[in-house]
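Coordinate inspection notes
Here are the chains, one letter per residue:
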Amino acid sequence: MSIPSDSAKRELDFESLVTAIQTANKHFTSQASRAINISVTLRSWVIGFYIVEYEQGGKDRAEYGMRLIDELSKKLSQLGLTRVESRDLRRYRSFAISYPQILQSLTAKSPKLLPDHDLAMRSAIRQSVTAISGERLISSLSFTHICELLRCEEPEKRAFYEDQCIRGCWSVRELKRQIASLLYERSELSIDKQKLAEKTHASTEGSSIGQLTIRDPFIFEFLGLTPQEVMSESHLEDQLLDKLQEFLLELGQGFCFEARQRRILIGDTYYFVDLVFYHRILKCHVLVDLKLEGFTHENIGQLNTYVSWFDKNVREQSDNPPIGILLCTEKDHALVQYALAAMDNALFVSKYQLQLPTPEVLKQQLEAERRRIEAEQKASQEMDSR
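Residues numbered from 1 in each chain as written. Predicted model: local features only at pLDDT ≥ 70, side-chain atom pairs only at ≥ 80, totals over all residues. Heavy atoms only, no water.

1. Quick look at the overall build of the protein chain
From N to C terminus, the protein chain includes 17 helices and six strands. A total of 386 residues make up the protein chain; the buried ones form 39% of that total. Working note: accessible area of the protein chain is about 23500 Å², and carbon and sulfur atoms make up 50% of it. (Helix = DSSP H or I, 4+ residues; strand = E, 2+ residues; numbered from the N terminus. Buried < 20%, exposed > 50% of the residue type's maximum accessible area, 1.4 Å probe, protein only. Areas by Shrake-Rupley, 256 points an atom, 1.4 Å probe, with all protein chains shown as cover.)

Printed below as a string of structure tokens:
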């Protein structure tokens, strides 16, 4: 922020005065918000740091054992500290372990806050897979961003979203949306990763029924997903719906496929049910709705509407009431519980995952393929020599 020159002062009128004050307010408010965000992030990391250090070398740690986090939360709450519930403390601990590079930045900012001796904690911290420095992390991402990133269990996946989030200046809401839409998995399957990244950043700018077993989560490893030029959400859904036979096997016995993108008319508007099955054992229709996003109560309301329509317009007298299954990438169990509480229809919400082959599995597959080719070549040579 620059100080006005003498000539600027002389030319100052009322509107300029308002503009100058507005600019100054915006500048210093932004600085204050940024400082608060950084302080919240560093506070969270330091709390996690001390928890892990105590777990590694605390003199009386055996006395608390598995009760440590709960007992610590209770004591800190009694002292008037906020945001020290057990789940908060576990999150802080995970934060410190997952982001060891923040230690260097914190030591530079507050050298007297942490002990100088060798830290037992360091033996518990794995090397971070991200190349992003601690300084850049805490200055670019809020702790709310980091909480979302910590939900990514695979370090490589977390590092991917760190980079994309910082590059795209994503809000927390946008970060959650991109994780729920499986951007990382689609990027791994895309041939043109740069094009997918460009599209992503561009878009950010603008009775017997009780016997039915719903597996949760569904592991769609049977998809055999093939690389696309750009693996978009629609490509992913198309490949999923294309694998109907394997999908039936994953769901369980008794499912008979009936329709895909079944069109239904409600009022003056057409709607489409992703998949419709008839269960020959339960004697009822099963409607499956796929969502490439996290669970929302709007999703379950939509599925409930479809189930009600089928119950009134399709169900035969000998049939049991239809069942609805919502497949989504993430689900908050508490939200699901309340969303389903007042609904009379039989609805199930299940999380699905895409299991991509690990490098070890790929290596084994390549080695097996190499041995197969060598064996074929050897057999061919033996035939020729005869």
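2. Focus: the environment of I300
Here I300 is to be found in helix α15 (residues 297-313). Accessibility expressed as a relative area gives 0% for I300, which makes it buried.

3. Describing the packing of aromatic side chains
For any two aromatic rings, the description comes down to two numbers: the centre-to-centre distance and the angle of the planes. Summed over the entire model, instances satisfying the criterion amount to ten aromatic pairs. Taking 5.2 Å as the distance between ring centres and 80° as the angle between the ring planes, the aromatic pair formed by F160 and Y161 counts as edge-to-face. One exposure class covers both F160 and Y161, and it is buried. Grouped by ring-pair contacts, the aromatic residues Y92, F95, Y99 and F143 constitute a single cluster. One Lys or Arg, R263, reaches over the ring of Y270 and ends 4.2 Å from the middle of that ring. (Phe/Tyr/Trp six-rings, centres within 6.5 Å; stacked < 30°, edge-to-face > 60°. Lys NZ or Arg CZ within 6 Å of the ring centre and 35° of its normal.)

4. Here we look at the packing of helix α8 (residues 143-150) against helix α9 (residues 155-168)
Direction vectors running N to C along α8 and α9 enclose 150°, while the axes themselves pass 9 Å from each other. As far as their axial angle goes, α9 and α8 are roughly antiparallel. The handedness of the crossing between α8 and α9 is right-handed. Contacts between α8 and α9 involve H145, L149 and L150 from the first element and R158, Y161, E162 and C165 from the second. Of the residues contributing to the contact of α8 with α9, the split by class is four nonpolar, one polar and two charged. (Axes fitted to C-alpha atoms, helices over the stretch in contact; angles between N-to-C directions. Parallel < 35°, antiparallel > 145°, perpendicular 65-115°, else oblique. Left-handed = near helix turned anticlockwise from the far one by under 90°. Contact = heavy atoms within 4.5 Å. Nonpolar A, V, L, I, M, F, W, Y, C, P; charged D, E, K, R; others polar.)

5. Observations regarding the nonpolar core
Grouped together as the largest cluster of nonpolar side chains are 37 residues, with contacts concentrated most on W45, L89, F95, Y99, I102, Y161 and L175. Top element by residues in this core is helix α2 (residues 14-57). It accounts for seven residues. V273, V307, W309 and F310 belong to the second-largest nonpolar core, a separate cluster that totals 15 residues. (Core = buried A, V, L, I, M, F, W, Y, C linked by side-chain atoms within 4.5 Å.)

6. Details of the pattern of salt bridges
Within this structure, the stated rule accounts for eight salt bridges. The shortest N-O distance in the salt bridge between E71 and R67 comes to 3.3 Å. The class of E71 is partly exposed, set by a relative accessible area of 28%. The residue D88 makes a salt bridge to R91 at a minimum N-O spacing of 3.3 Å. Of this pair, D88 and R91 both sit in helix α5 (residues 86-98), separated by three residues, roughly a single helical turn. (Salt bridge = Lys/Arg side-chain N within 4 Å of Asp/Glu carboxyl O.)

7. Details of unusual backbone geometry
Unusually for a residue other than glycine, C169 sits at a positive phi of about 50°. With respect to the element layout, C169 can be found in the loop between α9 and α10 (172-180). For C169, a relative accessible area of 68% translates into the label exposed. A positive phi angle is found at Q261, which is not glycine, with a value near 50°. Looking at the element boundaries, Q261 is found in strand β2 (residues 255-266). By relative accessible area, Q261 is classed as partly exposed at 34%.

8. Structural notes on the confidence of the model for the protein chain
With 62% of its residues at a pLDDT of at least 70, the protein chain reaches an overall mean of 74. In the model, residues 117-126 has pLDDT below 50 throughout and makes 24 contacts with residues more than four positions away in sequence or in other chains. pLDDT under 50 marks residues 207-211. Its contacts with residues more than four places away, or in other chains, come to five contacts. (pLDDT = per-residue confidence, 0-100.)

9. Thoughts on the side chain of K157
Within the element layout of this structure, K157 appears in helix α9. Those residues in contact with K157 that lie beyond four places of it in its chain are C152, Y184 and E185.

10. Some points on α9
Here α9 is 14 residues long and its end C-alpha atoms lie 20 Å apart, about the 20 Å a rise of 1.5 Å per residue gives. Every buried residue of α9 is listed here: K157, R158, A159, F160, Y161, E162, Q164, C165 and I166. Just downstream of α9 lies C169, where phi reads positive at about 50°. (Expected span 1.5 Å × (residues − 1).)

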